[in-house]
Amino acid sequence: VARGEACARAADEGRLLLGAGASALDAVQRAVEVLEDEPLLNAGTGGALTEDGTLELDAAIMEGAQLRAGAVCALPPFRHPITIARAVLEEGRHVLYAGEGAAGFARAAGFAPARPDEMITQAARAHLANVVARRVPPRDRGTVGAVARDGQGRLAAATSTGGITGQRPGRVGDSPILGAGTYADDAWGAISCTGHGEGFMRMTLAARVLAELQAGRAPDTAAMQALLALEQRLHMRGGIIVAAPDGTFGWARTAPHMPCAWAIDDRAVGLP
Ligand code: GLY
């Protein structure tokens, strides 16, 4: 329930920004910042820990008008990785920074590193201990994402994650990889994915959703077709949210849990 409420809060903040004339890019950034602050979700504060007990964060943001994008991966603790990804997009020199290079970019852009104990939660430590002891599988719920279309018809997508509990340091998932976990093109759609990143990268899932949209499928059908391909080929599950150029949107999940929320004009509705 709390995760669903966080999604509804994020949708509401995005809605307010869009209502005030902000861009889809601003809306997805703000929505993901809200989700990164929710310790129950696997992004920003409360994100999954590596086998060394460290927090390494991945995030990407993309806009569909000029296909500008920014991303960071294996970023050490900073409160809002998505905001740093947005700064990467705005600077425009490169698309993706990793590890210490990403941290150096962030510091130079004026972002202050967080103390690890400000962002690493007891629950994340306990989950890591259970995974290391093989008492539970490293099943992390809660990579976060947002997609939006603004009043000018511009699309944007943003995704943020702590990765997989117990992952080897330096492991990077699909979220910051364009065409795997995140993509936006005003002509076809904005896409954000959650699930086991290895599968999403191996099958370029976001690009597959795009191809389904190009074939004329509705957003929810496009998302489900891509997820069914993932399940058939690699026996993996996940969830995808999609916004389309005509103002329709959709989502699909083959994973058992994926709270999501949507807002159109002045309505914001959370879903379990
Ligand atoms: N989908 C997030 C990850 O695998 O890192």
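Here the structure is shown first, and the text comes after it.
For the structure given in this document, a descriptive report is provided here. (Residues numbered from 1 in each chain as written. Predicted model: local features only at pLDDT ≥ 70, side-chain atom pairs only at ≥ 80, totals over all residues. Heavy atoms only, no water.)

### Digging into the pattern of salt bridges
- With the rule as written, the count across this model stands at 15 salt bridges.
- Across the salt bridge formed by Glu63 and Arg68, the nearest N and O atoms sit 3.3 Å from each other.
- With relative accessibility at 7%, the residue Glu63 sits in the buried group.
- Measuring nitrogen to oxygen at the nearest pair gives 2.8 Å for the salt bridge that ties Arg154 to Asp150.
- For Arg154, a relative accessible area of 28% translates into the label partly exposed.
- Residue class for Asp150 comes out buried when judged on its relative accessible area of 3%.
- Counted as one network, the salt bridges with shared partners bring together Asp26, Glu63, Arg68, Arg86 and Glu90. (Salt bridge = Lys/Arg side-chain N within 4 Å of Asp/Glu carboxyl O. Buried < 20%, exposed > 50% of the residue type's maximum accessible area, 1.4 Å probe, protein only.)

### Quick look at the nonpolar core
- By size, the foremost hydrophobic cluster in this structure holds 42 residues, and its most contacted members are Val28, Leu35, Ile61, Val72, Leu75, Ile82 and Ile84.
- The element best represented in this core is helix α2 (residues 24-36), accounting for eight residues.
- Setting aside residues no more than four positions away along its own chain, Val72 makes contact with Leu57, Asp58, Ala59, Pro81, Ile84, Val88, Leu96, Tyr97, Ala102 and Pro176.
- Residues Ile191, Leu205, Ala226 and Met236 belong to the second largest nonpolar core, which totals 28 residues. (Core = buried A, V, L, I, M, F, W, Y, C linked by side-chain atoms within 4.5 Å. Helix = DSSP H or I, 4+ residues; strand = E, 2+ residues; numbered from the N terminus. Contact = heavy atoms within 4.5 Å.)

### Things to note about the site of the ligand
- Around the ligand, the structure places Thr143, Thr161, Gly163, Arg171, Gly173, Asp174, Ser175, Gly195, His196 and Gly197.
- Measuring from a nitrogen atom of the ligand, one finds a side-chain N or O atom of Asp174 at 2.6 Å.
- Note that an oxygen atom of the ligand is positioned 2.7 Å from one of the backbone N or O atoms of Gly197.
- Contact with the protein chains covers 98% of the free accessible surface of the ligand, which is 190 Å². (Near = heavy atom within 4 Å. Polar contact = N/O pair within 3.5 Å; in protein donor to acceptor, adjacent residues only side chain to side chain. Areas by Shrake-Rupley, 256 points an atom, 1.4 Å probe, with all protein chains shown as cover.)

### With respect to the pairing of strand β6 (residues 182-185)
- The two faces of β6 match: Thr182 and Ala184 on one face and Tyr183 and Asp185 on the other face are all buried.
- Taken together, the four bridges between β6 and strand β7 (residues 189-195) define a ladder with antiparallel strand orientation. Paired with Asp185 across the strands is Gly189, a residue of β7.
- Here β6 hands over to β7 after three residues, the two strands then running antiparallel side by side. (Pairing = 2+ DSSP bridges.)

### A short note on the sheet that holds strand β3 (residues 96-98)
- With mixed pairing, the five strands of this open sheet are ordered in space as β3-β2-β1-β5-β4. Looking along the sheet, the strands with just one partner apiece sit at the ends: β3 and β4 (144-149). Taking each pair of neighbouring strands and ignoring which way they run, the sheet shows an average axis angle of 5°.
- As defined by bridge partners, strand β2 (residues 69-75) adjoins β3 across three bridges and the pair is classed as parallel. In the sheet register, Val72 faces β3, and the bridge partner there is Tyr97.
- Along the sheet, helix α3 (residues 81-91) makes contact with β1 (57-63), β2, β3 and β5 (155-161), crossing β1 at roughly 45°.
- Contacting β2 and β3, helix α4 (residues 99-108) crosses the sheet at an angle of about 110° to β3. (Axes fitted to C-alpha atoms, helices over the stretch in contact; angles between N-to-C directions.)

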